[in-house]
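# Reading the structure
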Amino acid sequence: MRKCVEIDFVRSVLMAIVILVHVVNFGTLHPDFKTSMFTFFMPAFLIITGYLVNVEKSPRDFSLYLMRITLPYAIMVTAFSLMSLFLPVRDGLTELSVAAIAERLFVTSIGPYWFFYDMIVCGVAYYVAFHFLGKRLGVASRLALFAFLLYVEASLIPLLTFGDASLYLIGVALRQLGVPFLKAFMPSPYALLPFLMLIMQRDLWNKWLCLLLPFFAISFLVWCRGVTPTRLRNLMDYAGRNTLPIYIFHPIFTMVSKFYLPLFAFDPTGITHAAVTILLGFVGSLAIALLLDKLGLSRVFGTKALLR
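Each value, and the rule that gives it
Residues numbered from 1 in each chain as written. Predicted model: local features only at pLDDT ≥ 70, side-chain atom pairs only at ≥ 80, totals over all residues. Heavy atoms only, no water. Salt bridge = Lys/Arg side-chain N within 4 Å of Asp/Glu carboxyl O. Buried < 20%, exposed > 50% of the residue type's maximum accessible area, 1.4 Å probe, protein only. Axes fitted to C-alpha atoms, helices over the stretch in contact; angles between N-to-C directions. Helix = DSSP H or I, 4+ residues; strand = E, 2+ residues; numbered from the N terminus. Parallel < 35°, antiparallel > 145°, perpendicular 65-115°, else oblique. Contact = heavy atoms within 4.5 Å. Nonpolar A, V, L, I, M, F, W, Y, C, P; charged D, E, K, R; others polar. Polar contact = N/O pair within 3.5 Å; in protein donor to acceptor, adjacent residues only side chain to side chain. Left-handed = near helix turned anticlockwise from the far one by under 90°. Patch = residues over 30% accessible without salt bridge, like charges linked within 9 Å, V, L, I, M, F, W, Y side chains within 5 Å. Areas by Shrake-Rupley, 256 points an atom, 1.4 Å probe, with all protein chains shown as cover. Core = buried A, V, L, I, M, F, W, Y, C linked by side-chain atoms within 4.5 Å.

### A few points about the pattern of salt bridges
Charged atoms that come close allow side chains of opposite charge to pair. Per the counting criterion, the structure on display carries five salt bridges. For R60, the salt bridge goes to D61, with nearest N and O atoms at 3.6 Å. For R60, a relative accessible area of 60% puts it in the exposed group. Residue D61 is classed as partly exposed on the basis of its relative accessible area of 34%. For R104, the salt bridge is made with E103, and the minimal N-O distance between the two is 2.4 Å.

This is the structure:
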């Protein structure tokens, strides 16, 4: 598959929204806006993730791919669970025990790391369906097998919903059918119009919008890349290539943001505080990743280098 730099740009914007919705003060001040964001940004991430996963790898190489997701998931969920004993974390632990941490790891998760869980279980089903069960079958049959395995997982695993499984499946189907990214998400400024029209329909937020809005959102963002100044575009492309370490470490900065919130009392909208936190989330997460790479500690997360 041809490298598509537009994907990196889109992922950087989606990552900024991830950080935004985890800024507690902003969500408190703008609850409806925060809720509306959930109708498209994580669905878009799931579609893009399914599109990018490569099941043509050998079992060893695909196992390494899974390990680079599983280790960060296990480490950060465990760390987040322990921190929740002392910090105000939603759905935090009330007691320290092996059973309580295991419950967070395998059943409910904590913080934003449920997305890694979905990547793991969906990736396993994808590889099994295409590399083992359906290796000699046509694409349609392999997609059907994959869909069946996904929905079996969704019926048995509490963290994976049927909606999330379907979004991942859409991304996989686009890739397996050979649809180029820029054909699936053709750039257009007018994609913003139906996006805005639909996202304002509050009564539809928990229904079919999550399957449709990502296409309008991504198409608009791809167009935005073409009109973004070169220097800023390059920075966003770089951040988009490195969303993994940003996703891993950004909760550190959203939690810290509570302590410097009083400095932004001059802005009752909370927008300035949120913007600074997003910037710190990007820069700080990349700085942590760079430090770990330099010290050779990225191997703890199953990779030689976190930064690409």
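Still more to cover.
### What about the packing of helix α4 (residues 41–52) against helix α12 (residues 209–227)?
Each packed pair of helices is defined by two parameters, the angle between the axes and the distance between the axes. Their axes nearest at 8 Å, the elements α4 and α12 cross at an angle of 80 degrees. Taken together, the axes of α4 and α12 lie roughly perpendicular to each other. Contacts from P43, A44, I47 and I48 in α4 reach C210, P214, F215 and I218 in α12. Residue composition of the contact of α4 with α12, by class: eight nonpolar, no polar and no charged.

### With respect to the side chain of T254
Mapped onto the fold, T254 is located in helix α14 (residues 243–256). Only 3.0 Å separates the side chain of T254 from the backbone oxygen of P251, close enough to count as a polar contact. Sequence-distant contacts of T254, that is, excluding residues within four places in its chain, are made with I19, H22, V23 and T277.

### Some points on the packing of helix α1 (residues 5–21) against α14
Interhelical geometry of α1 versus α14 gives an angle of 20 degrees and a closest axis separation of 10 Å. Between α1 and α14, the angle is such that the two are roughly parallel. Viewed along their axes, α1 and α14 form a crossing whose handedness is right-handed. Counting all contacts with α1, which are made through R11, M15, V18 and I19, the residues of α14 involved are T243, I246, Y247, H250 and T254.

### Describing a nonpolar patch on the surface
On the surface, a cluster of nonpolar side chains totalling about 370 Å² of accessible area is made up of L291, L295, L297 and V300. With respect to the helices and strands, L291 occurs in helix α15 (residues 271–295).

### Quick notes on the nonpolar core
Most often, soluble globular proteins keep nonpolar side chains buried together rather than apart. In this structure, F40, F41, Y73, F116, F146 and F181 are the most contacted members of the largest nonpolar core, which totals 99 residues. With twelve residues, helix α7 (residues 114–133) is the largest single contributor of residues to this core. Apart from the residues within four sequence positions on either side, F40 is in contact with L14, I17, F195, I199, L213, P214 and A217.

### Some remarks on the environment of L213
Looking at the element boundaries, L213 is found in helix α12. When sequence neighbours within four positions are dropped, the list of residues in contact with L213 reads T39, F40, F195, L198 and I199.

### Some words on the environment of S155
Looking at where S155 falls in the secondary structure, it is placed in helix α8 (residues 139–156). For S155, a relative accessible area of 48% gives the class partly exposed. With 89 residues separating them along the chain, S155 and L244 place their C-alpha atoms 28 Å apart. At 2.7 Å, the side chain of S155 and the backbone oxygen of V152 are in polar contact.

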